[in-house]
Amino acid sequence: MRQFFRPLAWTLAVTALYAGVAVLIGMTSESSTRAATTERVVTDRLTGLALYGFDPVAYFTEGGPQQGADSYELSWAGATWRFRNEGNRDAFMQAPAVYEPRFGGYDPVAVSEGIPTGGHPSVWLIHRERLYVFHSERNRATFAEAPAAVIEKAETHWPQIRNQLVP
């Protein structure tokens, strides 16, 4: 009996050692230092909806976030966008660059630091006719103090960040 279990135990120990080494290599690989995000447009990971289903045009027409309807959807830039009505959907279709959140919905303060951190549609600001969404109230306040400086710095980091995000 001992002759049977000793080789089995040895095989299991070696297999566990190899598995442990593989896990450690995976934890220290280059891919673990990349952004956890994988979209060029911030989307809800459960639904695939851009802006978590909020209507991007409503920020301009209604003065704030309004939930979109599933009957008014549009696929654009690899994400599904929802709108409150047909008019908002048509306006977005005609000029998506005007209505989409700047930096794909990533927080401009975080982008200015070289970190792609998704913004949340309830923390937002319109500056010079562009929608910006933020990760936190603190970042929105930082942006509001010196928007031109934050945007300029974010624009220098954005091309590199954008290239790391999977389309």
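Note that the structure is predicted; figures quoted are calculated from it, not measured.

(A) Inspection of the packing of aromatic side chains at higher detail. In total, this model carries 11 aromatic pairs according to the counting rule given. Seen from their ring centres, Trp81 and Phe92 are 5.0 Å apart, and the 35 degrees between their planes marks the pair as tilted. A residue pair is termed long-range when its members are at least 10 positions apart, and Trp81 in strand β2 (residues 79–83) and Phe92 in helix α3 (residues 86–94) qualify at 11 residues. Just as Trp81 is buried, Phe92 falls in that class too. Among the aromatic residues, those joined into a cluster by ring pairs are Phe103, Tyr106, Tyr132, Phe134, Phe143 and Trp158. Looking at Arg102, its charged tip hangs above the ring of Phe103, at a distance of 4.6 Å from the centre.

(B) Region of the structure containing the environment of Asp90. As for its placement among the helices and strands, Asp90 is situated in helix α3. Residue classification places Asp90 among the partly exposed residues on the basis of a relative accessible area of 29%.

(C) Layout of the packing of helix α6 (residues 137–145) against helix α7 (residues 147–164). Here α6 crosses α7 at 105 degrees, and the two axes come no closer than 5 Å. Taken together, the axes of α6 and α7 lie roughly perpendicular to each other. The segment α6 lies against α7, with Thr142, Phe143, Ala144 and Glu145 engaging Pro147, Val150 and Ile151. A class-by-class count of the residues in the contact of α6 with α7 yields five nonpolar, one polar and one charged.

(D) Looking closely at the side chain of Asp55. Along the chain, Asp55 turns up in the loop between α1 (2–28) and α2 (58–61). For the buried residue Asp55, which engages in no salt bridge, the nearest side chain bearing the opposite charge is Arg84, 5.3 Å off. Within the structure, the side chain of Asp55 is placed 2.8 Å from the backbone nitrogen of Val57, a separation counted as a polar contact. A polar side-chain atom of Asp55 sits 2.8 Å from the main-chain amide nitrogen of Arg84.

(E) Representation of the pairing of β2. Along β2, the buried face is formed by Ala79, Trp81 and Phe83; none of Thr80 and Arg82, which line the opposite face, is buried. Pairing analysis gives five bridges linking strand β1 (residues 69–76) to β2, with the strands arranged antiparallel. Following the sheet pairing, Leu74 is matched in β2 by Trp81.

(F) Local environment of the pattern of salt bridges. By the definition in use, this model includes four salt bridges. With a shortest N-O distance of 2.6 Å, Arg82 and Glu73 are connected by a salt bridge. By relative accessible area, which is 32% here, Glu73 ends up partly exposed. In this structure, Arg102 engages Glu155 in a salt bridge whose closest nitrogen and oxygen atoms are separated by 2.6 Å. Placement of Arg102 in the loop between α4 (96–99) and α5 (108–112) and of Glu155 in helix α7 is noted, with a sequence separation of 53 residues between them.

Calculation criteria
Residues numbered from 1 in each chain as written. Predicted model: local features only at pLDDT ≥ 70, side-chain atom pairs only at ≥ 80, totals over all residues. Heavy atoms only, no water. Phe/Tyr/Trp six-rings, centres within 6.5 Å; stacked < 30°, edge-to-face > 60°. Helix = DSSP H or I, 4+ residues; strand = E, 2+ residues; numbered from the N terminus. Buried < 20%, exposed > 50% of the residue type's maximum accessible area, 1.4 Å probe, protein only. Lys NZ or Arg CZ within 6 Å of the ring centre and 35° of its normal. Axes fitted to C-alpha atoms, helices over the stretch in contact; angles between N-to-C directions. Parallel < 35°, antiparallel > 145°, perpendicular 65-115°, else oblique. Contact = heavy atoms within 4.5 Å. Nonpolar A, V, L, I, M, F, W, Y, C, P; charged D, E, K, R; others polar. Lys, Arg positive; Asp, Glu negative; His and termini not counted. Salt bridge = Lys/Arg side-chain N within 4 Å of Asp/Glu carboxyl O. Polar contact = N/O pair within 3.5 Å; in protein donor to acceptor, adjacent residues only side chain to side chain. Pairing = 2+ DSSP bridges.

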